[in-house]
Every structure is written in structure tokens, then in C-alpha cells.
Amino acid sequence: MGFFSKILNSFQSIKLNKENEVKGYLLDHLLVGSMYAEQQSAYLNSYETGLNRSDIVTLAEDYWGIYNRDQAIEILQNLHDRNQDENMNVVYKAFEDRENYVNILKSNLPKEEGLFEHYIELFRTLNDIVPELMEQNVITDFSQIKMTKDSAWNYGRGAFLARCCYDLGYLSEKELKDYLEKSHTDLKKYCSTWKEYTTSYIFGRAVWGGANNSGMIQIAHDLLNNENSPLKNKTYI
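Remember, predicted model here, so these are calculated numbers, not experimental data.

1. Comments concerning the nonpolar core
A general feature of soluble globular proteins is that nonpolar side chains tend to end up buried together. Residues Met35, Ile66, Leu126, Phe160, Leu187, Trp194 and Phe203 are the most contacted members of the largest nonpolar core, which totals 74 residues. Here this core gets nine residues from one element, more than from any other, and that element is helix 10 (residues 151–167). Excluding its chain neighbours within four sequence positions, the residues that come into contact with Leu126 are Val91, Tyr92, Phe95, Pro131, Phe203 and Val207.

2. As for the state of the cysteines
Tallied over the full model, the rule gives zero disulfides. Cys164 supplies the cysteine sulfur nearest to Cys165, a cysteine that is in no disulfide, at a spacing of 6.8 Å. Given the relative accessible area of 0%, Cys165 is considered buried.

3. Section: helix 8 (residues 115–135)
With 21 residues, helix 8 should cover 30 Å at 1.5 Å per step; its first-to-last C-alpha distance of 31 Å lies within 8% of that length. The largest bend in helix 8 comes to about 25°, at Leu126. Burial in helix 8 covers these residues: Tyr119, Ile120, Leu122, Phe123, Thr125, Leu126, Ile129, Val130 and Leu133. In the core, the buried residues of helix 8 are packed alongside helix 6 (86–96), helix 7 (101–108), helix 9 (142–148), helix 12 (194–209) and helix 13 (213–225).

4. Concerning unusual backbone geometry
Among all residues except glycine, the phi angle is most often negative; among peptide bonds, the trans geometry is most common. Positioned with a positive phi, Asn137 is a non-glycine residue whose angle comes to about 60°. Following the sequence through the fold, Asn137 ends up in the loop between helix 8 and helix 9. Its identity is not glycine, yet Lys149 carries a phi of approximately 50°, on the positive side. By secondary structure assignment, the location of Lys149 is in the loop between helix 9 and helix 10.

5. Concerning the pattern of salt bridges
Under the criterion given, the structure shown has nine salt bridges. The closest approach of N and O atoms between Lys189 and Asp186, which form a salt bridge, is 3.2 Å. Residue classification places Lys189 among the exposed residues on the basis of a relative accessible area of 61%. For Asp186, a relative accessible area of 7% corresponds to the buried category. Each member of the salt-bridge network shares a partner with another, and the members are Lys182, Asp186 and Lys189.

6. Section: the side chain of Arg157
Along the chain, Arg157 turns up in helix 10. Buried charge without a partner: Arg157 forms no salt bridge, and the closest opposite charge is Asp150, 6.1 Å away. In this structure, Arg157 is in contact with Tyr36, Trp64, Leu79, Arg82, Ala152 and Tyr201, ignoring residues within four places of it in sequence.

Each value, and the rule that gives it
- Residues numbered from 1 in each chain as written.
- Predicted model: local features only at pLDDT ≥ 70, side-chain atom pairs only at ≥ 80, totals over all residues.
- Heavy atoms only, no water.
- Core = buried A, V, L, I, M, F, W, Y, C linked by side-chain atoms within 4.5 Å.
- Buried < 20%, exposed > 50% of the residue type's maximum accessible area, 1.4 Å probe, protein only.
- Helix = DSSP H or I, 4+ residues; strand = E, 2+ residues; numbered from the N terminus.
- Contact = heavy atoms within 4.5 Å.
- Disulfide = S-S within 2.5 Å.
- Expected span 1.5 Å × (residues − 1).
- Bend = angle between axes of the 7 residues up to and from the residue.
- Salt bridge = Lys/Arg side-chain N within 4 Å of Asp/Glu carboxyl O.
- Lys, Arg positive; Asp, Glu negative; His and termini not counted.

Interpretation in functional terms is not warranted from these geometric data alone.
Structure, rendered in C-alpha cells:
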């Protein structure tokens, strides 16, 4: 199933596992991956994704380069560590201080070839993305993003990808639970509500890859408002 057909499909229904559903605080841990899960039309409320094995293999191998347990653990750890990137704080600071942005970037970013250009490109991307998200009423001002960053994009992808790795036998159920719990705990350092979570995820996707914000905005709306969604009556993470 292509990306756009998945997005269209996600508009139509929230997929829930009636047989092996997770409840209580463990469900909260699981829902860290709900945006990505909804993108893929996967179950929102169980450790197993409910996707065809061939689709999970394609996602893990073609999109993430995961072919075995070691690679799974490396990628999942990398997603977890991305929010500790101090260089992104420099980019955010420069974006806020337009009069001094050149000096802020030149003085504080790493000079290694490739790295400096990478963060300059992200700075330029913010110039396009932030006004666009404001126009689409995803955010009202940049301060919202400065607080949440793209934390939900990183933790959210990790949480769902961990479920895929569990389905493929690369992680045990205990390892999956531990990863989801840590993701939930760390996400709360950045986002206090599930609305902030969806906003942070939309922002992260827009910055790192781009197009079709409207599809992600619709997914967020469905997760927060659909009567069948586990997030419907939850406010705080």
C-alpha cells in the first residue's frame, strides 16, 4: 500500500486490536507511536502491529536499513538520542534572533565539513516550515516548537518501529515494553499533552522530509477526536 493510500485509509478508520489490547499506563507508553502507527494503518492498542509481515519487512529494510537485531537496536537507540542534539538548540536560537542569526550560527555550530552545511540547511528549512505551519493553524507561534522540538517525531517513530522489530522477532516483549516506557518518560520532558505530541510530530515530519502536511494534520485530528481513538479522552501524556 502506497503512502497516500495509507493516509486516505487512515481517515476512514482507527484500527484497534480487540483480542490482545493493551490497557492502562502501558497503553500510554504504546501511544507514543500512534502517529506513525496511524500513518501505516496499524493497530493503535497492541504490541503487534497487525500489518502483513511482508509490509513490515519492507518498512524495516527499505526505509530503515534494519535486517537484524543489532541493526534494530542501533537505529532505535539513535532515534532516542536525537533530542539531545545541542546543535539544534543553536539553530532554534538563531531562528528566534534574526538580527544576529549569522553570528549565532557561525560561532556555535561545528566547523566539520558537511555538519555545518547540514545545520544551515535545517535553519533554512525552518524559514519555510514555521510560517507554513502557522498558516495551517498547527502552531500559533515559534515558541511552541522551541519547547517541544521534534521530540514526538523521534520518539514516535522509534516507538512504532520497535513494534515492527518485535513483530519480526528482533526484540523480546520485555525489550519492547522497556523501550516504550523509556520513550514515554522522555517524551514528557518535551510534551505535556497529546495535542503537543501531535504538533511536534507534524513539525518533525515537515522539517525532516516534507510534503503533505495536510495529511499529517488530518491524522492528528483523527487521533485526538475520533470516538474510537484511544487518545480521544486523554489530555496529558
